[in-house]
Amino acid sequence: TTQSTSRRQRQMCIRDRYDHGVDLYNNGEMVGAADAFRHVLEAEPDDARSHYMLGMALYNTGDTASAKEHLNRFLELAPDDPDAPIAREILSYAN
């Protein structure tokens, strides 16, 4: 159906935006990465990985208050994620 095709296209666009954010992050472009992850979270507010990546990007820009917010949300959504220990460690430094 047209609705399911549209939804699939939207999800692909969101995934492309996330992947772009990861590429920017890996290239040290934290501001651009943060923008990409914010766009993903506008469409998918409970996407744990985007909260994690946004938190990490923000931490690397020095915005620790916002980083803490997103890393805490990541831990709420995915407490057993393999990156949860890293998030907890960053939060302990950010306090």
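Residues numbered from 1 in each chain as written. Predicted model: local features only at pLDDT ≥ 70, side-chain atom pairs only at ≥ 80, totals over all residues. Heavy atoms only, no water.

Counted under the stated rule, the structure contains 5 salt bridges. Between Arg73 and Asp46 there is a salt bridge, and its shortest N-O distance comes to 2.6 Å. In this pair, Arg73 sits in helix α4 (residues 64-77) while Asp46 sits in the loop between α2 (30-43) and α3 (48-61), placing the two residues 27 residues apart along the sequence. Under the relative-accessibility criterion, Arg73 is labelled partly exposed at 25%. Of the charged contacts in the structure, one is a salt bridge between Asp81 and Arg49, with a shortest N-O distance of 3.1 Å. Residue Asp81 is found in the loop between α4 and α5 (84-94), and its partner Arg49 is found in helix α3; the two are separated by 32 residues along the sequence. Since its relative accessible area comes to 17%, Asp81 is described here as buried. The structure contains a network of salt bridges with shared partners spanning Asp46, Arg73 and Glu76. (Salt bridge = Lys/Arg side-chain N within 4 Å of Asp/Glu carboxyl O. Helix = DSSP H or I, 4+ residues; strand = E, 2+ residues; numbered from the N terminus. Buried < 20%, exposed > 50% of the residue type's maximum accessible area, 1.4 Å probe, protein only.)

Per the stated rule, a full pass over the model turns up 2 aromatic pairs. Ring geometry for Tyr52 and Phe74: centres 4.9 Å apart, planes at 45°, overall tilted. Of this pair, Tyr52 sits in helix α3 while Phe74 sits in helix α4, and the two are 22 residues apart along the sequence. Phe74 carries the same exposure label as Tyr52, and that label is buried. For Arg15, the ring lying beneath its charged end belongs to Tyr18, and the centroid distance is 4.8 Å. (Phe/Tyr/Trp six-rings, centres within 6.5 Å; stacked < 30°, edge-to-face > 60°. Lys NZ or Arg CZ within 6 Å of the ring centre and 35° of its normal.)

All right, on to the nonpolar core then. Ranked by size, the top nonpolar core spans 26 residues in total, and within it Tyr25, Tyr52, Leu71 and Phe74 carry the most contacts. Among the elements of the structure, α1 (2-26), α2, α3, α4 and α5 are those that each provide at least two residues to this core. Element by element, the count of residues in this core is highest for α3, at 7 residues. Ignoring anything within four residues of it in the chain, the contact list for Phe74 reads Ala48, Arg49, His51, Tyr52, Pro79, Asp81, Asp83, Ala84 and Ala87. (Core = buried A, V, L, I, M, F, W, Y, C linked by side-chain atoms within 4.5 Å. Contact = heavy atoms within 4.5 Å.)

Take the environment of Glu44 next. Looking at where Glu44 falls in the secondary structure, it is placed in the loop between α2 and α3. The spacing of Glu44 and Gln11 is 33 residues in sequence and 9.4 Å in space, taken between C-alpha atoms. Residue contacts for Glu44: discarding those within four places in its chain leaves Arg10 and Ile14.

Let us look at the side chain of Asp47. With respect to the helices and strands, Asp47 occurs in the loop between α2 and α3. We note that Asp47 is buried and unpaired, the nearest opposite charge coming from Arg15 at a distance of 4.1 Å. Looking at Asp47, its side chain comes within polar contact range of the side chain of Ser50, at 2.5 Å. Not counting residues within four places of it along the chain, the set of residues in contact with Asp47 comprises Arg15, Val40, Leu41 and Leu77. (Lys, Arg positive; Asp, Glu negative; His and termini not counted. Polar contact = N/O pair within 3.5 Å; in protein donor to acceptor, adjacent residues only side chain to side chain.)

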